[in-house]
Amino acid sequence: MKQSSSSEASATMRVDYTSAQITGRDLLERTTRIGDLQAVFADEEARLELPPETPVYRVQAHIPAGEAVAGALSFGNTVIEPGRVGDEYYMTRGHFHAKRDRGEYYLGVSGVGALILMDEGRRTCWERMEPGTVHYVPGHTAHRVANIGSEPVSFIAFWSSDAGHDYATIASQGFSARMREVEGEPTLVPA
Ligand code: S6P
Ligand code: ZN
């Protein structure tokens, strides 16, 4: 008679749901600093006045199948420090997915952020991110997050491992709007 077996395996990764910190093996980690963000913010003079080693955001990513496997999933976090370059809030570089039809989920964990979304017709909108908010980034949509509060913003993301990142399109064309502080309020201002 054929025997079946079962056993309990322990999870190899954990997420701290107060900070989005991930612990476990096979984590890629990257910190992006003021000095890395040339021409990302509108006020390049204000950026050059800040110490280049100042951290703006850090990412942990777990990509168990590598980036070439269709159907595989990856997850990671992003933590963005509070701060501004001129009147523009600290934010991620922003990207389209190289495979344009790949979507992504963002889950707000801490702080107050603005998820800025731009479709291929350059229509831009934003969603407020707070602890517990869930955001779907559709395919064909560029995305970046700005920290519009006074504490670090953190979120967890899930994406298709083979999505890839097209930074070049944003580097050359930018987003059509920027998240700036206007009269004390975060405001999406046409670029
Ligand atoms: C990956 C996902 C995030 C970002 C991270 C940093 O598809 O959208 O993990 O990589 O928020 O942003 P960026 O634009 O520097 O990759
Ligand atoms: Zn993405």
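Structure's up top.
Residues numbered from 1 in each chain as written. Chains lettered and ligands numbered in written order. Predicted model: local features only at pLDDT ≥ 70, side-chain atom pairs only at ≥ 80, totals over all residues. Heavy atoms only, no water.

1. Describing the coordination of the zinc ion (ligand 2)
Note on metal geometry: ideal angles are 109.5 degrees for four donors arranged tetrahedrally and 90 or 180 degrees for six donors arranged octahedrally. Note the cut-off: Counted as donors are the N, O and S atoms within 2.8 Å of the metal, or 3.2 Å for Na, K and Ca, while water is not among the atoms, so some sites may look incomplete. Sites are called tetrahedral only when four donors show all angles between 85 and 135 degrees, square planar or octahedral only when four or six donors show opposite pairs over 155 degrees and all other angles between 65 and 115, and irregular in any remaining case. Classification of residues uses two cut-offs on accessible area relative to the type maximum, computed with a 1.4 Å probe and protein chains only: under 20% is buried, over 50% is exposed, and between them is partly exposed.
Looking at the zinc ion (ligand 2), one finds its protein donor set to be His 95 (NE2), His 97 (NE2), Glu 104 (OE) and His 143 (NE2), positioned 2.1 to 2.3 Å from the metal centre. Coordination geometry of the zinc ion (ligand 2): the 6 donor atoms subtend angles of 70 to 172° at the metal centre, consistent with an arrangement described as octahedral. Every donor residue of the zinc ion (ligand 2) comes from the same chain, spaced as H-x1-H-x6-E-x38-H. Looking at His 95, the relative accessible area reads 10%, which means it is buried.

2. Side note on a nonpolar patch on the surface
What counts is decided by this rule: Patch membership needs two things, relative accessible area over 30% and no salt bridge, and members are linked within 9 Å if like-charged or within 5 Å if nonpolar (Val, Leu, Ile, Met, Phe, Trp, Tyr). Accessibility throughout is a Shrake-Rupley quantity obtained with a 1.4 Å probe, and a residue counts as covered only by protein chains that appear here. Should a side-chain nitrogen of Lys or Arg be within 4 Å of a carboxyl oxygen of Asp or Glu, the pair is scored as a salt bridge. In this description a helix means any DSSP run of H or I spanning at least four residues, a strand means any run of E spanning at least two, and both kinds are numbered starting from the N terminus.
Residues Tyr 105, Leu 107, Val 134, Tyr 136 and Phe 158 make up a contiguous nonpolar surface patch of roughly 490 Å² in combined accessible area. Among the secondary structure elements, those contributing two or more residues to the nonpolar patch are strand 9 (104–110) and strand 12 (134–137). Among the secondary structure elements, Val 134 is positioned in strand 12.

3. Section: the pattern of salt bridges
Tallying each qualifying case throughout the model produces 11 salt bridges. The partner of Glu 81 in a salt bridge is Arg 58, with the nearest N and O atoms 3.6 Å apart. Here the residue Glu 81 occupies a position in the loop between strand 5 (73–80) and strand 6 (84–85), and Arg 58 occupies one in strand 4 (residues 55–62), the gap between them amounting to 23 residues. The partly exposed category is assigned to Glu 81, whose relative accessible area is 25%. A residue is classified by how much of its surface remains accessible, and Arg 58, at 36% relative accessible area, is partly exposed. Linking Arg 84 and Glu 181 is a salt bridge whose minimum nitrogen-to-oxygen distance equals 3.1 Å. One end of the pair, Arg 84, is in strand 6; the other, Glu 181, is in strand 16 (residues 177–182), with 97 residues separating them in the sequence. By relative accessible area, Arg 84 is classed as partly exposed at 38%.

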